[in-house]
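Residue-level listing of the chains:
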Amino acid sequence: MFLENKVYFCGMNTIIEKIMRTNFNIELSFDEKTHTYSLEREPIKSTSKVLESLKKPFDAKPMAIKCSQNPTHEHFGKTPEQIIELWQSKTDNACDVGHDFHLVAENYLKNNGNYFLDNPFKESDLVLFEKFYRDVFVKHDEGTLRQIVQTIGLEIRIAHPLYRVGGTFDALLQYIQQGWLLIFDWKTNAKFTTTDSYSLIEPYQNFDSSKLTIYTFQTYIYRFILQDVYGIDVKDCRIVWFDLTNNTYQIHKPKFAYNENFIRSVLARFNNNQLLAA
């Protein structure tokens, strides 16, 4: 039994209308080829750049040398240059795989499965996302299916004019009975860490550099921008890791509690550093 998923887009939902109207007023645009956000035709930084600024710089060459000299490492005997090239190739492949899965997720929610009739897709991706959908969007009550979550919008682009930062998150969902809005972001990393022995840079050294920490910062930035610029209150965020190797998924709550002033300070510090570097 397939339960139709409701997706509300511009013209059908005041939340999406508000986002679209605000984006028009602040002149937000996005170049797909260069993956560049602009406000009033002036380029701004993406949220991924903010996240990069929180982490200690990674120098690939010394690490590649250690791997090449370690007899127990899979790349033992290769040159550092070969190892770095392999790492980059793996990263590029992961991006392609992640992109394909995001298309499956987006079109499943948007078109209730009809998209897949005429477009190629990996069947295991569809099966995995459909399982996630049935577990999260639908409640089983005495043999009947009742939809408890509805999709407000997908692939939502937003920006903050003051802090000159833009980004896109995967889904804005609403719990129907409570009326809560939640940001959901899909992740398809080969590995998803919830703890890490390495810390972030000062003044964020009390946070570890795990994927969950980094993505908590990311989703909280989206939450802050929606509230501060668009006037939309979000109840919470969820990071969903889809393990495409083992065809399983995990839903993660944010690593730490949301604090509006803290996220504002993170963006202000990033913006100030960008101005000083210009």
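These numbers were taken from a predicted model, which means no experiment stands behind them.

Trainee: When you look at the packing of aromatic side chains in this model, what are you seeing that I'm missing?
Mentor: Any pair of aromatic rings gets described here by the distance separating the centres and the angle formed by the planes. Per the stated rule, a full pass over the model turns up 30 aromatic pairs. Residues Phe 101 and Phe 129 carry aromatic rings whose centres are separated by 6.2 Å and whose planes lie at 70° to one another, so their mutual orientation is edge-to-face. Residue Phe 101 is located in helix H4 (residues 80–111), and its partner Phe 129 is located in helix H5 (residues 123–136); the two are separated by 28 residues in the primary sequence. Every member of this aromatic cluster is reached through a ring pair, and the members are Phe 101, Tyr 108, Phe 129, Phe 132, Tyr 133, Phe 137, Phe 184, Trp 186, Phe 242 and Tyr 249. Over the face of the ring belonging to Tyr 215 we find Lys 187, whose NZ or CZ atom lies 4.2 Å from the ring centre. Lying over the aromatic face of Trp 180, Lys 235 brings its terminal NZ or CZ to 5.0 Å of the ring centre.

Trainee: Quick question: what am I supposed to make of unusual backbone geometry here?
Mentor: Leaving glycine out, the prevailing phi sign among residues is negative, and the prevailing peptide bond configuration is trans. Of note, the amide linkage connecting Glu 202 to Pro 203 takes the cis form, showing an omega dihedral of 5°. Note on placement: Pro 203 falls in the loop between strand E8 (180–187) and helix H6 (211–228). A positive phi angle, near 55°, is found at Arg 164, a position not held by glycine. Within the secondary structure layout, Arg 164 lies in the loop between strand E6 (149–160) and strand E7 (165–175).

Trainee: Explain the side chain of Ser 38 to me, please; I cannot follow it from the model alone.
Mentor: Mapped onto the elements, Ser 38 comes out in strand E2 (residues 36–39). Beyond its immediate stretch of four places on either side in the chain, Ser 38 contacts Glu 27, Leu 28, Ser 29, Pro 43 and Ile 44.

Trainee: What am I meant to see in the pairing of strand E9 (residues 236–243) here?
Mentor: The side chains of a regular strand alternate, first on one face of the sheet and then on the other. Across the eight residues that make up E9, a large majority, seven, are buried. Sheet analysis places E8 next to E9, joined by six bridges and oriented parallel. In the sheet register, Lys 187 faces E9, and the bridge partner there is Trp 241. For the crossover from E8 across H6 to E9, the handedness is right-handed. Bridge analysis of E9 against strand E10 (residues 248–252) gives five bridges, and the strand direction is antiparallel. In the strand pairing of E10, Phe 242 is matched with Tyr 249.

About the criteria used
- Residues numbered from 1 in each chain as written.
- Predicted model: local features only at pLDDT ≥ 70, side-chain atom pairs only at ≥ 80, totals over all residues.
- Heavy atoms only, no water.
- Phe/Tyr/Trp six-rings, centres within 6.5 Å; stacked < 30°, edge-to-face > 60°.
- Helix = DSSP H or I, 4+ residues; strand = E, 2+ residues; numbered from the N terminus.
- Lys NZ or Arg CZ within 6 Å of the ring centre and 35° of its normal.
- Contact = heavy atoms within 4.5 Å.
- Buried < 20%, exposed > 50% of the residue type's maximum accessible area, 1.4 Å probe, protein only.
- Pairing = 2+ DSSP bridges.
- Right-handed = clockwise from strand over helix to strand, strands pointing away.

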